[in-house]
Amino acid sequence: MSVLLYLIPISMLLGGIGLLAFFWALKSKQFDDPDGNASRILIEDEDIQSEN
Amino acid sequence: MTAACPACSAMSSEQINHIVESIHQSEFSIPTVHCAACISAIERGIGKLEGVTAVRVNLSMKRATVHHNGQPRIDDAILDRLVNLGFDAQPLDRKMLNKNKDDVAFGLLIRLGVSGFAAMNVMLLSVSVWAGADGATRDFLHWVSAAIALPTVAYASQPFFKNAWAALSAKRLNMDVPISLAILMAVALSLYETIHSGRHAYFDAALSLTFFLLAGRFLDHQTRAKARSAAVELSALEMPTAQRMQDGIVETVDVEKLNIGDRVLIRRGARIPVDGVVAEGRSELDMSLITGETMPHVVKIGDPVYSGTINMAAPFQVDVTQIGNGTKLAEITALVASAETLKTKYTTLADRAAQIYAPVVHLLALAAFVFWQLWTGDTRLAVGIATAVLIITCPCALGLAVPAVMTAASGRLFRSGVLIKDGSALERLVDVDTVVFDKTGTLTKGEMTVLSAPTGRALQIAASLAASSDHPQSRAILRHYGSNKLTAITDIIEHPGQGLEAKVDGRIVKLGRADWIGVSPKTDHVQSWLCIDGEQPVPFLFEDTLKDTAVATIKRLQARGLKVVMLSGDTQFATDQLALKLGVDQAIGGTLPDQKMAVVKSLGDHVLMVGDGLNDTAALASAYVSMSPATAIDAARAASDFVLIKDDLTLIDDCVSLSKSAKRRMLENFGIAAGYNAIAIPIALTGLATPLLAAVAMSASSICVSLNALRLKERS
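Criteria and thresholds
- Residues numbered from 1 in each chain as written.
- Chains lettered and ligands numbered in written order.
- Predicted model: local features only at pLDDT ≥ 70, side-chain atom pairs only at ≥ 80, totals over all residues.
- Contact = placed C-beta atoms within 7 Å.
- Helix = DSSP H or I, 4+ residues; strand = E, 2+ residues; numbered from the N terminus.
- Nonpolar A, V, L, I, M, F, W, Y, C, P; charged D, E, K, R; others polar.
- Buried ≥ 20, exposed ≤ 12 C-beta atoms within 10 Å, placed from the backbone.
- Pairing = 2+ DSSP bridges.
- Axes fitted to C-alpha atoms, helices over the stretch in contact; angles between N-to-C directions.
- Parallel < 35°, antiparallel > 145°, perpendicular 65-115°, else oblique.
- Expected span 1.5 Å × (residues − 1).
- pLDDT = per-residue confidence, 0-100.
- Left-handed = near helix turned anticlockwise from the far one by under 90°.
- Core = buried A, V, L, I, M, F, W, Y, C linked by C-beta atoms within 7 Å.

J.: Quick question: what am I supposed to make of the interface of chain A and chain B here?
T.: Many authors give the size of an interface as the accessible area that is lost as the parts come together. Facing 24 residues of chain A, the contacting portion of chain B comprises 25 residues. At the level of secondary structure, the elements contributing two or more residues to the side of chain A that touches chain B comprise α1 (2–27) and α2 (34–40) of chain A. Split by residue class, the side of chain A that touches chain B holds 12 nonpolar, seven polar and five charged.

Structure, rendered in structure tokens:
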């Protein structure tokens, strides 16, 4: 029983970190162009002239 | 607010730069971009242009954002470069795009994230309870669940509560009323049970309900937002500007800023932006978007011209006589508006399901409460069972049934080159029994090809003359001649709106209109005449070219058992000739815009209209479903449910077949949801439902429905 007292907060904390990571990804517009991001890994680095 | 020192409150140079940049920023729609190579070609190609500071291609939206220094005509330079790179592109009006910024999707995603997080945690705690925790441990777990669930429900379920409240205040019932009731009852009952150390708490059910329903709501919103942004994108496509002449200076201004009496320069190849009269110059106009006629129309000083027509021959000047509501375009717009009011409103499958669903669920829950209250006299038990009925019947699967299918379908259509502007259009397309095509510009390319021409020396001379002109008929002659050797010609004079004159071997030759050459024209044909000094004039006859996919499309549609009709503003003769080639079931020529609308109405209630011109717009608006090609004028695209971004008519048949399979998936999904309820409701009514059973049944049905929707994607 007492093990729950610290295990539950730890699990909530870990889940919370995941949630914050999701918010961060959302805020930094990482879901705006999923197709483009998937394709961009195929472009050679020196090909990219400009980046925002 | 706290006081700030002037240096802090002043904008940093970085901020100023950012603002300047965001002003000098252009958006382009590039429908053909589809891979990594396209992205790097565009970003490299545009990035090298002078004045461009940054380019970013968005592959999902098929758009490019270009930051530049705002020098005049940079948009034209970018467009030119894009065309040279092999991409069709259209500038987008940023004002329109910004209007469409949407924060609802963002809010829904955040809520989805929060409710997913909470649902998973509470589910973990609930598993311990179901595994046999009891006594103080169970109470403790219930309290922790309550601590997570209460704030989450209060935050994440707001969209449902708001909608339900709005419906109730209008004395109506919608899907959100039973949803809100189920969530609130589940939380209230669980809290009561937790306080009284009861066995069953439904915190996990309340949260997973919220999660699944938010997922459905989000998908639904995405589909609608995509449809809306398609509409906005289309209206942002045309940036109407005019070349105003003032004191000998030509400047580009917005059409809205023109006044009656202003003089406007119409360049060759440009679309005329206003109604007016020709003040100077002489040219030929392509009227096909307005009238459907392929025959070029000659205008000279004093002749009226209408907005939407295209200048084919020489630059000329127009005095503006009508602006705003007085124009031909506005007349047609009024006709479109009246057509839209006549149209019966379509009730979507989801709405029809909701109309049956909400009252049934409420009656069931009420009946369960009354029955158990009378039978046992135990109010706590009766409320518990009624709540279980509400939770079990809560339309998770129903809420996902349509949005999941629509998301899959519109995604697939977008990838193959079709924009859906109205979500219910796909459902309506299933019922279509007649397809009406406009002729010019829809089935044909609106581009001339030579039907008959002289051969030998005459052809060579004509082609050599034609090589010096951009006129569509000249280009057709040149294409017809191919890459054979041209002959030497001198002293070329272009007579705008009439023809070309030159010298070959010392003899004067003329290529142009029949009346200019001095012969009587052949009826019913687009034609040019060649006159070599001292010889009998010879005619070149032209016809409009069929699109490559036209015949195949009509065959496929007819194979489906659909009746195919062709409508045209062109002469009955020209229409009949083409009808023979295409094998359509019926061909009607010489129709005016309001007649087209009447024909569409007379063909029954389930007509699909495909058209591109201003003259089709009213017919498009009054048809049950409507489509237009990307080359259509903006009014036609605005009136259509589907826009074919790729110039491929077979997409029409693909849309029809996709709509049929989408409808099948939706009905299957309703079947799955109903089947699950048929099993679960009796269990809940008899008081045998437990939180575990509710959780398993709810998740299982939602997952089944989502997977079934995805099957649509795989069958391509």
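From this point, things continue past the structure.
J.: Any chance you could explain unusual backbone geometry here in plain terms?
T.: It is generally the case that most residues other than glycine have a negative phi and that most peptide bonds are trans. All names here are of chain B. Positive phi, normally seen in glycine, also occurs at D491, with a value near 55°. Along the chain, the position of D491 falls in strand β17 (residues 490–495). Look at D491 and you get exposed, because 9 C-beta atoms sit within 10 Å. Even without being a glycine, D505 presents a positive backbone phi close to 50°. If you trace the backbone, D505 turns up in the loop between β18 (499–504) and β19 (507–512).

J.: What is the right way to look at the pairing of strand β22 (residues 563–567) of chain B in this model?
T.: In regular strands, side chains alternate between the two faces of the sheet. All names here are of chain B. The element β22 is extensively covered by neighbouring structure, given that four of its five residues are classed as buried. Sheet analysis places strand β15 (residues 434–438) next to β22, joined by five bridges and oriented parallel. When the sheet's bridge partners are listed, D438 is paired in β22 with L567. Summarising the sheet, β22 and strand β23 (residues 586–588) pair through three bridges and their orientation is parallel. Paired with M566 across the bridge in β23 is A587.

J.: Any chance you could explain the packing of helix α21 (residues 550–559) of chain B against helix α26 (residues 650–685) of chain B here in plain terms?
T.: Helix packing geometry: the angle between the two helix axes and the distance between the axes. All names here are of chain B. It is at 8 Å that the axes of α21 and α26 come closest, and there the two elements cross at 25°. The pairing of α21 with α26 is recorded here as roughly parallel in orientation. Counting all contacts with α21, which are made through A552, T553, R556 and L557, the residues of α26 involved are T650, I652 and D653. Grouping the amino acids of the contact of α21 with α26 by side-chain chemistry returns three nonpolar, two polar and two charged.

J.: Is there a simple way to explain the environment of B:I260 in this structure?
T.: Residue and element names in this part refer to chain B. Mapped onto the elements of the fold, I260 is located in the loop between β6 (249–254) and β7 (263–266). The sequence separation of I260 and G86 amounts to 174 residues, and the corresponding C-alpha distance is 40 Å. Not counting residues up to four positions away in its chain, the partners in contact with I260 are V320, T321 and I323.

J.: Mind showing me how you'd approach the sheet that holds strand β2 (residues 52–58) of chain B here?
T.: In any sheet, the strands associate via hydrogen bonds between backbone groups, in a parallel or an antiparallel arrangement. Residue and element names in this part refer to chain B. In space, the four strands of this open sheet follow the order β2-β3-β1-β4, with antiparallel pairing throughout. Lying at the two open borders of the sheet, with one neighbouring strand each, are β2 and β4 (90–92). Going across the sheet, the axis of each strand differs from the next one's by a mean of 30°, ignoring polarity. Two strands pair when backbone bridges link them, and β2 and strand β3 (residues 63–68) are joined in this way by six bridges, in the antiparallel orientation.

J.: I would appreciate a short explanation of α1(A) in the present structure.
T.: At 3.6 residues per turn, the α-helix brings residues three or four places apart onto the same side. Residue and element names in this part refer to chain A. In this model α1 runs 38 Å from its N-terminal to its C-terminal C-alpha over 26 residues, within 8% of the 38 Å that 1.5 Å per residue would give. Sparse coverage of α1 is indicated by the burial of zero of its 26 residues. Trailing α1 by a residue or two, K29 shows a phi angle of about 60°, which is positive.

J.: Where do I start with the environment of B:K171 in this structure?
T.: Residue and element names in this part refer to chain B. Structurally, K171 is set in the loop between α8 (158–169) and α9 (176–195). K171 gets classed as exposed once you count the C-beta atoms within 10 Å, which come to 6. C-alpha separation for the pair K171 and V509, spaced 338 residues apart in sequence, amounts to 81 Å.

J.: Would you mind showing me how to read the confidence of the model for chain B here?
T.: On average, chain B scores 82 in pLDDT, and the residues at 70 or more come to 90%. Here the prediction assigns the complex a pTM of 0.72, and the interface score ipTM is 0.80.

J.: Would you take a moment to explain the packing of α9(B) against helix α14 (residues 379–393) of chain B for this structure?
T.: Residues and elements named next belong to chain B. Look at α9 against α14: their axes get within 9 Å of each other, and the N-to-C directions meet at 135°. When the axis of α9 is compared with that of α14, the two are oblique. For the pair α9 and α14, the sense of crossing is left-handed. In this structure, α9 contributes P178, L181, A182, M185, A186 and L189 to the contact, and α14 contributes V383, G384, T387, L390 and I391. Within the contact of α9 with α14, the residues separate by chemical class into nine nonpolar, two polar and no charged.

J.: What should I look at first to understand the nonpolar core in this one?
T.: Within soluble globular proteins, side chains that are nonpolar tend to cluster in buried spots. Residue and element names in this part refer to chain B. Ranked by size, the top nonpolar core spans 158 residues in total, and within it A206 and L608 carry the most contacts. If you tally residues by element for this core, the top one is α26, at 13 residues. Those residues in contact with A206 that sit more than four places away from it in its chain are A149, V153, I183, A186 and V187. In this structure, I461, A463, L500 and V509 belong to the second largest nonpolar core, which totals 18 residues.

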